[in-house]
Each structure stands twice: as C-alpha cells, then as structure tokens.
Amino acid sequence: KEAEKLGYKMRGHLKMKHGDYIGATIEFKEGIKSDSSDYDLFYNRALALEQLKNFKAAIIDFDVVLNHRNSDSEALYHKAWCSFQLGDTIGSAVLCDSSLSISSYNAFANNLKGQIKSALGKHYEAIFSYNKAISMNSGQIQFIYNRAIAYVLVKNWNPALLDLNKTIAAAPKFGEAYYKRALCYFELDKKEEALIDLKEAEKLGYKPASEELSRNLAL
C-alpha cells in the first residue's frame, strides 16, 4: 500500500511539472484513498486545484493540512491567495500575515500582501510590501508591474514609468503595460510617446487603449 501511494504521488508530481493539473488531482486523489493521513497529498492536490482556479476546493484541502499543521506557512500563503481570488480581502489579509509571521522571507507572500493593501486602498503600504518582494526576488516581473500600478494610483509617475519600462522589456506583448505607460507619459506632458504606446496597446488587443486613443485623437 505504501508503494502504491508513492506511485500515485510521483505520477502526480510529474503531471504537475508538465502542466497536467487535472491529471495531477486524479493521481493525488487516488493517493489519498491509499493513505488519508498523508497531508502532503492534500497539499499537492490543493496546489493543482489552485492552478485550475478551483479556489474553493483548494481551500478545503489546505484546511485539511492546516488542521494538522497550523504553522505551515506555505499552506497559509496559498489559502490566502485562493481567498483573495474569491474576493475575501480581509480573510486573505489575516492568512497572509499569519504566513509572514512564520516565514517573513516569502517573496510571493509579500507580493500578495501588496495586492491586498492595494485592494484596501492603502497604496503606499502596498508599495512597501512590493519593495520587500522585489528585494527577495527581483526576477519576478509581476512584482514590478504590481508596484508600477501602485505608483500610478498615488500619481508617482516617474517611478511608475521605470517599473513599466522593465515590465515591457520583459513582456513586450503585454498590452496593459503599454496602456499604463501611456497614462504616465500623458501626465509627464509626453503626448507623442503616449500615443505611440496607446497604438501598441491597441495593436495587442487591449480595448481601453482604443478608447483612450480615439479620445485623444479627437482633441
């Protein structure tokens, strides 16, 4: 039975690695049938469910883990992320803080805390959390983009522009980033650069850019 469980666990990990999250959930489910006291199986199934955006089911599995390992900072972080995706901003804030109180050097948890702070309208606090996340993992362009948006929301255009430049350099097909950079250029009286970015964002299919472009060309 132990060997059977190990086989399901290994196949589940392989399917996760190759992006077959549905297949992974099936493997972990069979593993749980073999040994329902192996909480790593619940944790890994929750991760697969999270990737499938089945956040409610993922939370149920994370709760199983946390009922037996209440100081599991990773399970707390992932439950916080799922809760945030379901719109439970306050609940996710409590979970995220719990995760960080156990392991403060989790770049993704600090990034999530920034997103939560922004959702609560606390954009300067969000920037502080994004700074922490970036200092721990400067290669995550999503952290940099999130900070750029926070800078835009507090009308700090030059730092926003620097972060958006980095975002576009790393993800040149990301239409929303061109649109946000165009807004910064407008605020800095660089209309020509702004229009170029709006046209690029429109070409990449970002609809708000088309509306902004039409409005500015009509002036």
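My aim in this report is to walk through the structure given alongside it, one point at a time.

### Notes on the packing of helix α7 (residues 107-119) against helix α8 (residues 123-136)
- α8 packs onto α7 with a crossing angle of 165° between their chain directions and a minimal axis gap of 8 Å. Of the possible angle classes, the one that applies to α7 and α8 is roughly antiparallel. Handedness of the α7/α8 crossing: left-handed. Judged by residue contacts, A107, N110, N111, K113, G114, Q115, K117 and S118 of α7 engage H123, E125, A126, S129, Y130, K132, A133 and M136 from α8.
- Taken together, the residues of the contact of α7 with α8 sort by class into five nonpolar, seven polar and four charged.

### Thoughts on the pattern of salt bridges
- Applying the stated criterion to the full structure yields 17 salt bridges.
- With a shortest N-O distance of 3.4 Å, K203 and E200 are connected by a salt bridge. One end of the pair is K203 and the other is E200, both in helix α12 (residues 191-203) and three residues apart, which spans about a single turn.
- Here K203 falls in the exposed class, since its relative accessible area comes to 64%.
- When salt bridges that share partners are traced, they join E2, K5, K9, D35 and D38 into one network.

Criteria and cut-off values
- Residues numbered from 1 in each chain as written.
- Predicted model: local features only at pLDDT ≥ 70, side-chain atom pairs only at ≥ 80, totals over all residues.
- Heavy atoms only, no water.
- Axes fitted to C-alpha atoms, helices over the stretch in contact; angles between N-to-C directions.
- Helix = DSSP H or I, 4+ residues; strand = E, 2+ residues; numbered from the N terminus.
- Parallel < 35°, antiparallel > 145°, perpendicular 65-115°, else oblique.
- Left-handed = near helix turned anticlockwise from the far one by under 90°.
- Contact = heavy atoms within 4.5 Å.
- Nonpolar A, V, L, I, M, F, W, Y, C, P; charged D, E, K, R; others polar.
- Salt bridge = Lys/Arg side-chain N within 4 Å of Asp/Glu carboxyl O.
- Buried < 20%, exposed > 50% of the residue type's maximum accessible area, 1.4 Å probe, protein only.

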